[in-house]
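Commentary on secondary and tertiary structure
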Amino acid sequence: MNNIFVDFNVKDGVINPLNGACCAPFQASYGSNQPRIKSMFESAHIPYCRLHDCAGIMNRACLVDIPKIFPDFDADENDPESYDFHHTDEYIGGIQKSGAEAYYRLGCSIEWSSKKYVSIMPKDFDKWARICEHVVMHYNKGWANGFNYNLKYWEIWNEPENPGNAFGSCQWSGTKEDLFRLYDVASKYLKEKFPEIKIGGYGGCGFYAVSRPDAPANRHDFVTYFIDFLSFVKERKCPFDFYSWHIYTAHPEEIIVHADYVRQKLDEYGFKNTESHLNEWNYQAEGTGFKSKHTMDAGSFLTKAMTLMHRNKTIDKAMYYCMSLQGLYNGFLDQNDYSLSPSWFAYVAFGHVYSLKNSVKTDYDGDIHAIASTNGTESAVLLTNHRCEDNEVSLSVKGIGKKTAEFYYCTDEKNLKKEMAISVCEDIKIEFTVPKNTVVLIKFI
């Protein structure tokens, strides 16, 4: 028997926005009116959508990347005619209309191909910073028929230490020192121009060597890169509002090991107020497990991982990679007919708990992981069984008042199915079963 104790009388903070997205299910044929983005993001209460790899693996669309928005680097960066914001306006417009906030990655998308078009080091760092200034102006200050979105997070580059493949590096053509210098120039310039925004980077590849001592040498290099970056930013006194990093794993606990390491090092180097953003993560190792991402094995993994992130409190924001309409990493949409996969409904269930905002005291002693929240009127408990056999649960709840408890089960049936509803009073104990790879959302209404 798994014993779970929830006390709605004891609030213990808020639930961080851990259910963000990397990319959106954008359809160019709909322009800025994006019904799929709106319906999916609203139903899961997606708080942030990171803009990276938005055009897919071949990166041919004119979206987001600085070389796509500003295609001729020799052009006048002060002239609106030098920029092509059209499709990026539509993409971000769809996100903003959904209630989510775009999280802008300044730089380029990944390029695995033999010829590189965008993942090339800018030839003039000062000019690159001024170009980025005008991108911020367009989306936050209305410049060039732009908008006043007040986008908060602006990330400089992504995975510059990625070793790439036989064709070489896939994200950055310069040296480590070059990347650090670009960050120095751009972060200081943008912070001077826009003190209200948050600036960070660099979308690190991850810390596999921390949890896997036998990891390949280049994984150990990722760690060295991070430490050298912290030393550089500290010495140069660069703006550093957040550090972003990535992990792809089948083990939720490994995410916490990496999160603890990031927080420890940030604090050690004096960056106690720098946020930790896990802005790429997914089930299974990178480049593998694409079919399994659509199952409740993945759905229960995601929910368990987000529950652990919440309890550990060392990750300020997290974003699932990815929610592109077409993409192998999108475990939420069937790539044959765009129907919703079972794992999506687990994300929706967590989104409901997140939407209530106020976390409450929750303890458990077994294999079933739990999180609970309330907004004062409605309350919820979310339970996850990831890879354990069917488990009996004894749920004790305090401070709920007179409510109806509705039980929704997320299984491979592709929905949150309402299984039962019971009347409850102030203090209750309920016993029921949580099957293997199942997520249970209990709404107290």
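Above this note sits the structure.
Here we summarise the structure given alongside this text. Computed from a prediction, not measured in an experiment: that's the story for all the values here.

So, the side chain of Asn279
- Within the secondary structure, Asn279 is located in strand 8 (residues 275-283).
- Among the polar contacts listed, one links the side chain of Asn279 to the side chain of Tyr103, at a separation of 3.2 Å.
- With residues near it in sequence (within four places) discarded, Asn279 still touches Cys22, Arg50, Tyr103, Glu155, Ser244, Trp245, His246 and Met319.

Let's talk about the pairing of strand 6 (residues 198-204)
- In terms of burial, strand 6 is a largely internal element, 6 of the 7 residues being buried.
- Bridge analysis of strand 5 (residues 153-156) against strand 6 gives 4 bridges, and the strand direction is parallel. Along strand 6, the bridge assignment pairs Tyr153 with Lys198.
- One crossover worth recording links strand 5 to the parallel strand 6 by way of helix 5 (residues 176-193), and it is right-handed.

Details of the sheet that holds strand 5
- Strand order in the closed barrel formed by 8 strands is 2-3-4-5-6-7-8-9, and the pairing between neighbours is parallel. For this sheet the average axis-to-axis angle between neighbouring strands, irrespective of direction, equals 30°.
- Contacting strand 3 (48-51) and strand 4 (101-106), helix 3 (residues 86-97) runs over the sheet at an angle of about 145° to strand 4.

Considerations on the side chain of Glu280
- Note that Glu280 resides in strand 8.
- Since its relative accessible area comes to 3%, Glu280 is described here as buried.
- A distance of 3.1 Å separates polar atoms of two side chains, one belonging to Glu280 and the other to Arg50.
- Looking at Glu280, its side chain comes within polar contact range of the side chain of Tyr248, at 2.5 Å.
- Not counting chain neighbours up to four residues away, the residues in contact with Glu280 comprise Cys22, Arg50, His52, Asn158, Glu159, Trp245, His246, Ile247, Tyr248, Met319 and Tyr321.

Quick notes on helix 3
- Between its first and last C-alpha atoms helix 3 spans 17 Å; for 12 residues at 1.5 Å apiece the expected length is 16 Å, and the two agree.
- Among the residues making up helix 3, those that are buried are Thr88, Asp89, Glu90, Tyr91, Ile92, Gly93, Gly94 and Ile95.
- Downstream of helix 3 by one or two residues, Gly99 has phi in the positive range, about 100°.

Quick word on the nonpolar core
- Phe41, Trp281, Met309 and Leu383 are the most contacted members of the largest nonpolar core, which has 147 residues in total.
- With sequence-adjacent residues up to four places away left out, Met309 is seen in contact with Leu18, Ile255, Ile256, Leu278, Trp281, Thr314, Ile315 and Ala318.
- Among the nonpolar cores identified, the runner-up in size contains 5 residues, and Tyr48, Tyr153, Phe242 and Met319 belong to it.

Observations regarding the sheet that holds strand 13 (residues 391-398)
- Strand order in the open sheet made by the 9 strands is 15-14-17-12-11-10-1-13-16, with mixed pairing throughout. For this open sheet the edge positions go to strand 15 (416-424) and strand 16 (428-434), each flanked by a neighbour on one side alone. Taken pair by pair, the neighbouring strands of this sheet meet at an average axis angle of 25°, ignoring direction.
- Both strand 1 (residues 2-14) and strand 10 (residues 358-364) contribute to a ladder of 6 bridges, which runs antiparallel. Note that in strand 10 the partner of Val6 across the bridge is Thr362.
- Each of strand 1, strand 10, strand 11 (369-374), strand 12 (379-385), strand 14 (403-410) and strand 17 (438-444) touches helix 9 (residues 296-312); the most contacted strand, strand 11, lies at about 65° to it.
- Most of the contacts of helix 10 (residues 342-355) go to strand 17, to which it runs at about 35°, and overall it touches strand 11, strand 12, strand 14, strand 15 and strand 17.

Rules used throughout
- Residues numbered from 1 in each chain as written.
- Predicted model: local features only at pLDDT ≥ 70, side-chain atom pairs only at ≥ 80, totals over all residues.
- Heavy atoms only, no water.
- Helix = DSSP H or I, 4+ residues; strand = E, 2+ residues; numbered from the N terminus.
- Polar contact = N/O pair within 3.5 Å; in protein donor to acceptor, adjacent residues only side chain to side chain.
- Contact = heavy atoms within 4.5 Å.
- Buried < 20%, exposed > 50% of the residue type's maximum accessible area, 1.4 Å probe, protein only.
- Pairing = 2+ DSSP bridges.
- Right-handed = clockwise from strand over helix to strand, strands pointing away.
- Axes fitted to C-alpha atoms, helices over the stretch in contact; angles between N-to-C directions.
- Expected span 1.5 Å × (residues − 1).
- Core = buried A, V, L, I, M, F, W, Y, C linked by side-chain atoms within 4.5 Å.

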